[in-house]
Amino acid sequence: MAYKTILVHCDAAKNVAHRLGVAAELAQQQGAHLVGFHARPPFQTPVFFDGGFPMDDFFKSYEASVKADLAVASAAFEKATKGRHLSTEWRVVDGFVENDLAVQARYADLLVLGQADPESSLPTPTDLPETVALASGRPVLMVPYIGVTSPPGKTVMLCWNASRESAHAATAALPFLKAAAKVIVLAIDAKSSPAGHGAEPGADAATWLARHGVKVTVQRDVAADADVGGTILSRAADHAVDLIVMGLYGHSRLQEMVLGGASRTLLGSMTVPVLMAH
């Protein structure tokens, strides 16, 4: 198994090069087709508009902003892929990024997005990665807005709780897991059960991964004060993990994002890339 189509979101963020670098490096390693995606948001009448100003002025400002953002995104994609032996494609759509990206993601093996930058003033939704992961059913590799010091995947931590979501994430991450020098299966507050973890939590997952040639160890832990997300981040730091794999727990209803506590903690405080799947 390998990623053969990788889709990367390209906006005009000042740190867009971080996710583009990870996506381009991964596409080159996997021999994948890399698709750069940019969405031009539709024009919306300002909520404070009372007819006192010509609408043409608002529209001209919108057109100039959209054109400038597209130029920045396109240049960043070209710079990240220049000189690499890659099959690439550049796509631009007119629409809301959270909707169109979810549709485009269904025709890719992996989607690479950036963590929300708290200082950004761009219209990109701050919850874009989780929204797309929940809506598309495809795995999302989320790159920290502070960037990475090296390509992710040498030491990987798989967060395992024997759920459908964690099984989906593990399967989606197999190209990373098989290539990693070390994979840690982390089971937190796990209890033996015939319907879930089995007699020895984490052992069944390790056996399955070992058959794929994955170099795996199991670590069982307890979350102090039920802070599962904080425990995951602490263990990732302890083991110098450069990629966390996890199931995304939550749902989107009437466009209101509802995530589990561990998911919220990880996505808000991550310092290394996170591959998540719902």
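Located above this text is the structure these notes cover.
As a starting point, this report considers the structure included with it. (Residues numbered from 1 in each chain as written. Predicted model: local features only at pLDDT ≥ 70, side-chain atom pairs only at ≥ 80, totals over all residues. Heavy atoms only, no water.)

## Focus on the sheet that holds strand β2 (residues 33-40)
The strand order across the open sheet built from ten strands is β3-β2-β1-β4-β5-β12-β9-β6-β7-β8, with neighbouring strands paired in mixed fashion. What marks the edges here is a single partner per strand, and that holds for β3 (87-94) and β8 (216-221). Pairs of neighbouring strands in the sheet enclose a mean axial angle of 25°, with direction left out of account. Pairing of strand β1 (residues 5-9) with β2, which is carried by five bridges, proceeds in the parallel orientation. Across the sheet, residue V8 finds its bridge partner in β2, namely G36. Contacts from helix α4 (residues 128-136) reach β1, β4 (110-114), β5 (140-143) and β12 (274-277), with the element oriented near 160° to β4. (Pairing = 2+ DSSP bridges. Helix = DSSP H or I, 4+ residues; strand = E, 2+ residues; numbered from the N terminus. Axes fitted to C-alpha atoms, helices over the stretch in contact; angles between N-to-C directions. Contact = heavy atoms within 4.5 Å.)

## As for unusual backbone geometry
For A162, which is not a glycine, the phi torsion comes out positive at approximately 65°. Residue class for A162 comes out partly exposed when judged on its relative accessible area of 27%. (Buried < 20%, exposed > 50% of the residue type's maximum accessible area, 1.4 Å probe, protein only.)

## A look at the packing of helix α3 (residues 97-105) against α4
Remark: α3 packs on α4, axes separated minimally by 9 Å, with the N-to-C direction vectors making an angle of 45°. Taken as axis vectors, α3 and α4 run oblique relative to one another. Pair α3 / α4 crosses with right-handed handedness. Residues V97, E98, L101, A102 and A105 of α3 form the contact with α4, whose participating residues are L128, T131, V132, A135 and S136. (Parallel < 35°, antiparallel > 145°, perpendicular 65-115°, else oblique. Left-handed = near helix turned anticlockwise from the far one by under 90°.)

## Observations regarding the nonpolar core
Of all hydrophobic cores here, the largest spans 42 residues; its most connected members are L34, L141 and L275. When sequence neighbours within four positions are dropped, the list of residues in contact with L141 reads V22, L26, L110, L111, V112, L113, F176, L243, P273, V274 and L275. If you look at the next biggest cluster of nonpolar residues, it comprises 35 residues, including A39, I188, A223 and M270. (Core = buried A, V, L, I, M, F, W, Y, C linked by side-chain atoms within 4.5 Å.)

## Observations regarding the packing of aromatic side chains
What the rule picks out here adds up to five aromatic pairs. A connected cluster of aromatic rings, assembled from ring pairs, spans F43, F59 and Y62. (Phe/Tyr/Trp six-rings, centres within 6.5 Å; stacked < 30°, edge-to-face > 60°.)

As far as function goes, none of this settles anything; it's purely spatial.
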